[in-house]
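The chain contents come next:
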Amino acid sequence: MQEHNKGFIYFICLVAAMGGLLFGYDWVVIGGAKPFYEVYFGISESPLLQGVAMTTALVGCLVGAMLAGAAADKYGRKPLLMVAAVLFTVSAIATGLFDDFNLFNIARLVGGVGIGVASALAPMYIAEVSPASIRGRMVSLNQMTIVLGILGAQVVNMLLAKDTSIAENLIWNEEWGWRWMFWAETLPAALFLVMSFFIPESPVFLRMKQAPRGEGKKSEARLSELFTHKYAKVLVLGLIIAVFQQWCGTNVIFNYAQEIFVGAGFDVDGMFINIVITGIANVVFTIVALYTIEKWGRRTLILLGAGGLGLIYLTLGTCYFLGMTGILMVALVVAAISVYAMTLGPVTWTLLAEIFPHRIRGIAMATCTFALWVGCCTLTFSFPSMNAALGSSGTFWIYSAICICAFCFLYRNCPETKGKSLEQLEQELVKEQ
């Protein structure tokens, strides 16, 4: 990378990574708003409607991820990032504006489509514009902005949620507090839209569009081509990595923080403080990942994440089983978040952006991102039922078993991609089929 290009590359990667910032905020903000909008909409006693409100955005994620790949290969990476910015902006305004529960969910669905598009396109775009020597760090920058978005949502929620022991504050929380939690996203969403006008199209996409004229072949891959024997091994690897990032269990801490921390002996106000503590740990160890991903490599980190979380969840489940509460439980939750933040969080997106050949990268990234959000949906839906049927101990023991199984699979099948060009990886990984 030439010296005079460094600043520009960092700039365009940061702009693309703003999609990750909004992804993180939009995904997590609902956890803090949950106790208040449920009272406002009168669904506090309806688990079904509570589940609908929590998962509507996730359904949108599936739609966005499903559409992103083919659209990105046809229209380009840049226009899709701009579409995601528009969706985030509209959703942020509308979610807090509507008084009708159905319209509230439609607004959340729109934001979810934006998440699905951004989660598929941002890491792919960054990988395609970054030199091999810093590609891992640049794609991890996307994860850095995701966790900053998560922390931002957690801090905003804590600041807007007033002391629930005072009646006047409770009325504020239920009438306006949850609305401002969603509205706070409008400013970064609008900034992302403006800045996206100043980034170039991906050079990989531009070469793909020139290919038919220069090589006499089609440049856009179809989904049927992705599911051929040629790409079977790399596709299975990508799908398992994507689903495992969700089914490792860490993300239930963000979506069901109330249940997890109340189960560990904390009240609602203590819950918000502990959520921010986990958010800070998330950011700190993602920063660690920015430096370790190019030194330790992707394979080492993903194995460390699977093995480390397996042990932590085994311990956490045992502590729940023994009835332990208080600071020890917070420490174990923070440890899980920390391990995830420096391993599975950034490494998953980096590997998915690296392992697929140019020709199928758009549709493959969309397919794996779709699988990731299916994993997120099933995780989110299953946690309340698992927690009720098995208790917190049994639930985290299951997550521990999943992590240990994933460790065994990844130990046998996950390659090291550090320091290799996308072209070199394409030759190595497809050649193995």
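Quantities reported herein were computed from a predicted structural model and do not represent experimental measurements.

Overview of the overall build of the protein
- Along the backbone of the protein there are 18 helices and zero strands.
- Burial analysis of the protein (433 residues in total) assigns 58% to the buried set.
- Contacts in the protein between residues at least 24 apart in sequence constitute 85% of all its contacts with a sequence separation of at least 6.
- Accessible area for the protein stands at about 16,600 Å²; split by element, carbon and sulfur atoms hold 70% of it.

Points about the packing of helix 2 (residues 47-75) against helix 3 (residues 77-97)
- Between helix 2 and helix 3, the least distance of the axes is 7 Å, while the angle of their chain directions is 130 degrees. In terms of orientation, helix 2 lies oblique with respect to helix 3. Only R77, P79 and L80 of helix 3 make contact with helix 2, whose side of the interface consists of A71, A72, D73 and Y75.
- Of the residues that constitute the contact of helix 2 with helix 3, the class distribution is five nonpolar, no polar and two charged.

Focus on the packing of aromatic side chains
- Enumeration according to the criterion identifies 22 aromatic pairs in this entry.
- When the centroid spacing of 6.5 Å and the interplanar angle of 70 degrees are considered together, the rings of Y37 and W178 count as edge-to-face. Of this pair, Y37 sits in helix 1 (residues 3-40) while W178 sits in helix 6 (residues 167-183); the two residues are 141 residues apart in sequence, bridging distant segments of the chain.
- We classify Y37 as buried; its relative accessible area is 0%.
- Residue class for W178 comes out buried when judged on its relative accessible area of 0%.
- Aromatic pair Y320 and F396: ring centres 5.9 Å apart, planes at 5 degrees, arrangement stacked. In this pair, Y320 sits in helix 14 (residues 298-321) while F396 sits in helix 17 (residues 358-413), placing the two residues 76 residues apart along the sequence.
- One aromatic cluster is present, formed by Y37, Y40, F41, F101, F104, W178 and F182 through successive ring pairs.

Observations regarding the state of the cysteines
- In the structure shown here, the tally under the stated rule is zero disulfides.
- C405 takes part in no disulfide bond, and the closest cysteine sulfur to it belongs to C408, at a distance of 6.5 Å.
- For C405, a relative accessible area of 56% corresponds to the exposed category.

Rules behind the numbers
- Counting of residues starts from 1 at the beginning of each chain's written sequence and follows it residue by residue.
- In view of the model being predicted, local features appear only for residues whose pLDDT reaches at least 70, and side-chain atom pairs are presented and counted only at 80 or more, with totals across whole chains, interfaces and linings using the full set of residues.
- To obtain the side-chain values, all non-hydrogen atoms of the structure were included, while hydrogens and water were left out.
- Numbering of helices and strands runs from the N terminus, with a helix taken as a DSSP run of H or I at least four residues long and a strand as a DSSP run of E at least two residues long.
- The rule is simple: take the accessible area with a 1.4 Å probe, protein chains only, and divide by the maximum for that residue type; under 20% is buried, over 50% is exposed, in between is partly exposed.
- Two residues qualify as a contact provided that any one of their heavy atoms is within 4.5 Å of a heavy atom in the partner residue.
- The method behind every accessible area is Shrake-Rupley, applied with a 1.4 Å probe, and residues are considered shielded solely by the protein chains displayed.
- Convention adopted: a line fitted to C-alpha atoms gives each axis, helices being fitted over their contacting stretch, and angles between N-to-C directions are expressed from 0 to 180 degrees.
- Angular relationships are summarised with four words: roughly parallel below 35 degrees, roughly antiparallel beyond 145, roughly perpendicular across 65 to 115, and oblique for the angles in between.
- Side-chain classes are defined by residue name, with Ala, Val, Leu, Ile, Met, Phe, Trp, Tyr, Cys and Pro counting as nonpolar, Asp, Glu, Lys and Arg as charged, and the others, Gly among them, as polar.
- Under the pairing criterion, centres of Phe, Tyr and Trp rings, with the six-membered ring standing for Trp, must be within 6.5 Å; the plane angle then separates stacked pairs below 30 degrees from edge-to-face pairs above 60, leaving the rest tilted.
- In what follows, a disulfide is any cysteine sulfur pair within 2.5 Å.

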